Amino acid sequence: MTTTTTAALVPLLPFLGAVGGILAGRRAPGLVRPLALLPTAVAAVLAVVVAWQQGGGRALDASTRLTPTGSVPVDLALHLDGFAVLVAVLVGVVATCVQLYSTAYLRDDPRYPSYAALVSLFTSAMLLVVYSGDLMVLLVGWEVMGICSYFLVGHYWETEAARAASLKAFLVTKLGDVPFLIGVFALADDAGTFRIDGIVRTAASGDLSHPTLTALLLLAGVAGKSAQFPLHTWLPDAMAGPTPVSALIHAATMVAAGVYLVARLLPVFAASTAALAVLAAMAAVTMVGSAVAALAQDDIKRVLAYSTVGQLGYMTGALAVGDRGAAVFHLVSHGAFKALLFLGAGVVIHAAGTNSLAATARMGGLAKRVPDAFWTMTVALLALAAIPPFSGFFSKEAVLGAAEHAAQGEADGIPGAVGWTVLVAGLLTALLTAAYATRLWLLAFRGSGQEAADHGRQPAAMTSVLWVLFVPTVALGLAAWKLPDWFDGGSLTPTLTTSLLSTGCALAGVLVVTAAWRRTAALTARTPLGAVAADPEEAPAVSEEEAIATHEAAYGSVSGAQDPADPGRLLLGPLHRHAAAGFHLDAVVHAVAVRPARGAARLARFLDREVVETYVRGAASAPGLLGAAVRRAQTGNTQTYLSVLFAGSVVLAVAAVLVASGA
Amino acid sequence: MHLIYPAILAALLFCTGLYGVLARRNAILVLMSVELMLNAVNLNLVAFDVWLRDELHAGQALTLFTIAIAAAEIGIGLAIVLLVHRNRGTADLDRLRDLREDETTDGTTGATDREQKAEAAS
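Below you will find a few notes about this structure. Being a predicted model, the structure only gives us computed values, none of them experimental. The residue numbering used here restarts from 1 in each chain and proceeds along that chain's sequence as written. Chain letters start at A and ligand numbers start at 1, both assigned in the order the entries are written. Local features in a predicted model are, by the rule used here, given only for residues with pLDDT of at least 70; side-chain atom pairs are given and counted only at 80 or more, and totals for whole chains, interfaces and linings are based on all residues.

1. Remarks on the overall build of chain B
In step 1: Within chain B, the regular secondary structure consists of four helices and zero strands.
In step 2: Mapped from its N terminus to its C terminus, chain B presents α and β elements in the order α-α-α-α.
In step 3: The exposure label follows from counting other C-beta atoms within 10 Å of a residue's C-beta, where the C-beta atoms are placed from the backbone and the thresholds are 20 or more for buried and 12 or fewer for exposed, leaving partly exposed in between. Residues counted as buried form 11% of the 122 residues belonging to chain B.
In step 4: In chain B, of all internal contacts separated by at least 6 residues, the share reaching a separation of at least 24 is 49%. Segments assigned H or I by DSSP are reported as helices when at least four residues long, segments assigned E as strands when at least two residues long, and all are numbered from the N terminus. Two residues form a contact once the distance between their C-beta atoms, set from the backbone, is within 7 Å.

2. Overview of the overall build of chain A
In step 1: When helices and strands are tallied, chain A shows 28 helices and four strands.
In step 2: Considered along the principal axes of its C-alpha atoms, chain A spans approximately 120 × 65 × 55 Å.
In step 3: Burial analysis of chain A (663 residues in total) assigns 56% to the buried set.
In step 4: Pairs at least 24 residues apart make up 81% of the contacts formed inside chain A by residues separated by at least 6 positions.

3. Quick word on the packing of helix α1 (residues 4-23) of chain B against helix α2 (residues 27-52) of chain B
All names here are of chain B.
In step 1: Lines fitted to C-alpha atoms define the axes here, with helix axes fitted over just the stretch in contact, and angles between the N-to-C directions of these axes take values from 0 to 180 degrees. With their axes 8 Å apart at the nearest point, α1 and α2 run at an angle of 160 degrees to one another. The orientation of α1 with respect to α2, classified from their angle, is roughly antiparallel. When you trace α1 past α2, the crossing you get is left-handed. Here α1 contributes Pro-6, Ala-7, Leu-9, Ala-10, Leu-13, Phe-14, Thr-16, Gly-17, Leu-18, Gly-20 and Val-21 to the contact with α2, which in turn contributes Leu-29, Val-30, Met-32, Ser-33, Val-34, Leu-36, Met-37, Asn-39, Ala-40, Leu-43, Asn-44 and Ala-47.
In step 2: Just so you know the grouping, Ala, Val, Leu, Ile, Met, Phe, Trp, Tyr, Cys and Pro go in nonpolar, Asp, Glu, Lys and Arg go in charged, and all remaining residues, Gly too, go in polar. Partitioned by chemical class, the residues of the contact of α1 with α2 number 17 nonpolar, six polar and no charged. Angles below 35 degrees are treated as roughly parallel, those above 145 as roughly antiparallel, those between 65 and 115 as roughly perpendicular, and all remaining angles as oblique. Crossing handedness is defined as follows: a turn of the near helix away from the far one that is anticlockwise and smaller than a right angle gives a left-handed crossing, while the clockwise case is right-handed.

4. Re unusual backbone geometry
In step 1: With an omega of 0 degrees, the peptide bond between A:Phe229 and A:Pro230 qualifies as cis.
In step 2: Its place among the elements puts A:Pro230 in the loop between α8 (211-225) and α9 (234-237).
In step 3: Of note in the backbone geometry, A:His584 takes a positive phi value of approximately 55 degrees without being a glycine.
In step 4: Mapped onto the fold, A:His584 is located in the loop between α26 (575-580) and α27 (585-631).
In step 5: Backbone geometry at B:Arg53 places phi at a positive 50 degrees, although glycine is not the residue there.

5. Describing the environment of A:Val144
Residue and element names in this part refer to chain A.
In step 1: Position of Val-144 among the secondary structure elements: in helix α5 (residues 135-153).
In step 2: By the C-beta count within 10 Å, which is 18 here, Val-144 ends up partly exposed.
In step 3: In this structure, the C-alpha to C-alpha distance between Val-144 and Ala-257, residues 113 residues apart in sequence, is 12 Å.
In step 4: Leaving out residues up to four positions away in the same chain, Val-144 has contacts with Leu-121 and Ala-125.

6. Quick look at the nonpolar core
In step 1: What makes a nonpolar core is a set of buried Ala, Val, Leu, Ile, Met, Phe, Trp, Tyr and Cys residues, with links drawn between C-beta atoms within 7 Å. Within the largest apolar cluster, 233 residues are counted, with the highest numbers of intra-cluster contacts made by A:Val87, A:Ala88 and A:Ala339.
In step 2: A per-element tally of this core places helix α15 (residues 324-352) of chain A first, with 19 residues.
In step 3: With sequence-adjacent residues up to four places away left out, A:Val87 is seen in contact with A:Val130, A:Tyr260, A:Val328, A:Leu331 and A:Val332.
In step 4: One finds B:Val21, B:Ala27, B:Ala91 and B:Leu93 within the second-largest nonpolar core, a separate group that totals five residues.

Remember that the coordinates give geometry; whether it matters functionally is a separate question.
Here it is, written out as structure tokens:
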């Protein structure tokens, strides 16, 4: 098999798996699990084979034109370069892990067949996005991912939160996708093709007619998909979906698609300094804001969701300083350790019977109950906090190194201010990231109080996956020396200055939170808090669904908790309340968008009901009234009718005579 | 004979018939008045036919038609009146007012009316 054929099979296999899973769902329930697992696993292996054959050499392009469209042609094109093949390996591996994990996590779920099929379909769409060399084909995958995300976030549709979150995720990402589509058309108009290599060539030669406008339009779609400020609000709410979905879609892959797209189209963005400045500002605001918000969240998955938003901010920051190697490096390493964190969080939620950190802080010995999750998550949190020598340290260093490079004015066409913005925000976020990672770890695993209930060993399908993802979390950092060959060739190895600075920031964050926790931990015993849904016999998803459904009732809000023993509350002080609510961005959106829309809807309803319908009703009732008046003449007396008839004939006759005589 | 005599006679006959149709209450008398009006027309037809000296005598031919049709009409008319009288016990036009528009446009009364009529017909 040639590399191209293998690459074409990679997105095709999960798609066939999805179709088969849907068809087999009712008729052959025994086939559902193999159909979910095998195509994805084979696709992952094939993605590795493609990566091996491609080997980071010259980009492979293959295309076939299905049908002429008349104007700008649409090709089924593959574009295999170092970025594409490596991201595809990440997607394949994480999707396989998630499918395996789901077999245990949703083992008794009646909707498991459709769930598994949607995850397969999603995997296929993401692989299509990664390999596609044509923006239109990429857009197909992009939208299929969106709709899969909608369905999967709403998997627990019995709970209000899940229904609302799925709608919100869909609408907010669509809000970005509309400008994105216009941007794609603008690009195609300038370049005369939807092929990415053609567009990149056009952009590199400076032939774009409106580079800033086009880049900003594309940026809207990227902000929606990759959950960047101000379109990030859907991601924390999307945590109402099942944990494996959060791990696959809302941590490792789909949200990274926006970053990946900018990486592919970087010359378009580099053609406009203003777009890069906007990208940098967006990244900086996203990074710092989400990190502060993460420090105030109570739901363990929402902490991780805000963390994802922040780490995606690092990636866009790296793109803003023009280093897509660093961005994709961070994308891959973040994908691995964040998927691990989410899957570990699923184990913790099952074992603890709650998703609330306030409740786990009052639970002793949780770490002993789930040793696999404890050890792997500890390392993954260290990677998230960028503590050497784990993978997160190296990839974050690559980003910060690129930012420092740009800040020194050594990068072509990137203003120093952009570099400084990303660098300062990145260092500040490094501190905050370490702080919330430490808080998560302390509250989840170092709680004191009543012993956690023993629910027996976690299923092997769930724990083994954690150890699979543990390997890249620990060792991917070593790739920093190897990856430049696959990417653009820029150095990704840590530099001394930024390493010292960021590690210092991270350690400071860890120490501050630990000190705060020592002061507040004593309070846990004094203020009892927490609701635990114990379903040791059921599938883990049941505990999670109950935890999501009861969180608002038990703790007062979906995001925060009234917990005085929270070190985040002590550190943030009066800011805590606002950070827990995501800085009230939802309220702002409500005031700016939702309320005017509702008002407009009311106006439209008024105009329709009271104005337009009045004419319609009038058209019916006026003849009705006339008819009623005429009906009165029907007395039933024949002689009356005849009299009127006679009178009429006389009148007519007189008239006829008068007309005839010419009077 | 001058045309004026049959014309006046026809007019008188027609007016008598018209008065009978519009004013009499008994259905049979109304039918008879209709015959009077028809005969007034016949008289006119014949008179004008003679006065115009029509070669084909279209007026007289038409009169024969009218008489035949009037005979058929009065036959059917009398049969209807006879049936109405048998069913209702009256042939009084003022009281045969089932087709009048009710003051209330309520569907239920209309339905009961129809039921009564159905009973009466059976």
